[in-house]
Amino acid sequence: DISNIEALDRLERLRFTWRGDEVEFGLLEELGDIYLREDNYVNGLGALKQAVKNFPQNASTPAVTKRMTDAFQQIFLDGAAAAMTPLNALSLYDQFRELTPVGDAGDEIIESLVDRLVEVDLLDRASLLLQRQIQFRLQGPNKARVGARLGVIRLLDRQPAAAIKALDESVSPGLSVDLARERNRLRSRAIFELGDIENALALIRRDASRDADLLRADIMWQTQKWAAVTPVFERLIGDRGIDGRRIDERTAVLVLNWTIAAFLSEAEKA
């Protein structure tokens, strides 16, 4: 006959006057459930966690533990966390990260949270989440895939040495050709940013992909290798624009850079 808010007020007052038996366990369980229904996730999970911690031998503890894990998963996978600010979502995750489910569901929670942190430029916090994932959760190709993602974030954060470390710590057998080449290109980028131009280019010498050509073009452009970069721009542009159709902005930039590189290459010969 009373509202959830009134019930919470009464239960919270009782919480501090009745300790240490089945009544307290039931009280904490009820508090947790009502807080969760009111979308107060911190207090809800906190009350259930206290019940489990204080009464590990209670017959209902396994069921309460499962409710906590299910609620945590629903918060992060069913949209509730998406309505929070990235920092609030991260804070909630950090307080209860032991509830992260094993397997794909847990990895999805972590990686969706990483996406949000990267969007708001919280690269160091995103890196920490992926580092823990690599160290404690993943094996095989998934470990290598997440290691590559961590490498990208560290490069965005201007930490090329840390990017190489992420790649080294996530080496795994059985990678697809595409993933192996992606990791190799990331290593090349990191080595270039550390100042080793020739080894950066040598790493991608046998990679004929468009992504490798984009990386080559960037390295050669920044180091003013005009003669070497001219044919790379030519490959990247291909036959775009030959049929008279309007080219997109990215292709237009490549055409402009190709023209400049060709001009400067000829100027060097003169």
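These lines cover the structure that appears in this document, whether it is placed above or below. The structure presented is a predicted model; accordingly, all values stated were derived computationally and were not measured. (Residues numbered from 1 in each chain as written. Predicted model: local features only at pLDDT ≥ 70, side-chain atom pairs only at ≥ 80, totals over all residues. Heavy atoms only, no water.)

### Some words on helix H12 (residues 210–222)
Along its 13 residues, H12 runs 18 Å from first to last C-alpha, staying within 8% of the 18 Å computed at 1.5 Å per residue. For H12, the complete set of buried residues consists of Ala-212, Asp-213, Leu-215, Arg-216, Ala-217, Ile-219 and Met-220. Against helix H10 (177–193), helix H11 (197–203) and helix H13 (226–237) lie the buried residues of H12. Gln-224 occupies a position one or two residues after H12 and carries a positive phi of about 60°. (Helix = DSSP H or I, 4+ residues; strand = E, 2+ residues; numbered from the N terminus. Expected span 1.5 Å × (residues − 1). Buried < 20%, exposed > 50% of the residue type's maximum accessible area, 1.4 Å probe, protein only. Contact = heavy atoms within 4.5 Å.)

### Observations concerning a nonpolar patch on the surface
On the surface, a nonpolar cluster with roughly 250 Å² of combined accessible area is contributed by Leu-14, Trp-18 and Val-23. With respect to the helices and strands, Trp-18 occurs in the loop between helix H1 (4–15) and helix H2 (22–37). Its relative accessible area of 40% is what places Trp-18 among the partly exposed residues. (Patch = residues over 30% accessible without salt bridge, like charges linked within 9 Å, V, L, I, M, F, W, Y side chains within 5 Å. Areas by Shrake-Rupley, 256 points an atom, 1.4 Å probe, with all protein chains shown as cover. Salt bridge = Lys/Arg side-chain N within 4 Å of Asp/Glu carboxyl O.)

### Observations concerning the packing of aromatic side chains
Taken as a whole and assessed by the stated rule, the structure comprises six aromatic pairs. Plain terms: the ring middles of Phe-76 and Tyr-93 are 6.0 Å apart, the flat faces sit at 90° to each other, and that makes the pair edge-to-face. In this pair, Phe-76 is assigned in helix H4 (residues 61–77) and Tyr-93 in helix H5 (residues 86–95), connecting sequence segments 17 residues apart. Here the two residues Phe-76 and Tyr-93 agree in accessibility, since each one is buried. Taken together, a centroid distance of 5.3 Å and an interplanar angle of 85° make the contact between Trp-221 and Trp-226 edge-to-face. In this structure Trp-221 comes out as partly exposed when scored by relative accessible area, which is 26%. In this structure Trp-226 comes out as buried when scored by relative accessible area, which is 10%. Through a chain of ring-to-ring contacts, three or more aromatic side chains come together here, namely Phe-72, Phe-76 and Tyr-93. (Phe/Tyr/Trp six-rings, centres within 6.5 Å; stacked < 30°, edge-to-face > 60°.)

### As for the environment of Pro-141
For Pro-141, the location among the structural elements is in helix H8 (residues 140–156). Given a relative accessible area of 40%, Pro-141 falls into the partly exposed group. The sequence separation of Pro-141 and Ala-82 amounts to 59 residues, and the corresponding C-alpha distance is 28 Å. The residues contacting Pro-141, other than those within four sequence positions of it, are Ser-172, Pro-173, Gly-174, Leu-175 and Leu-179.

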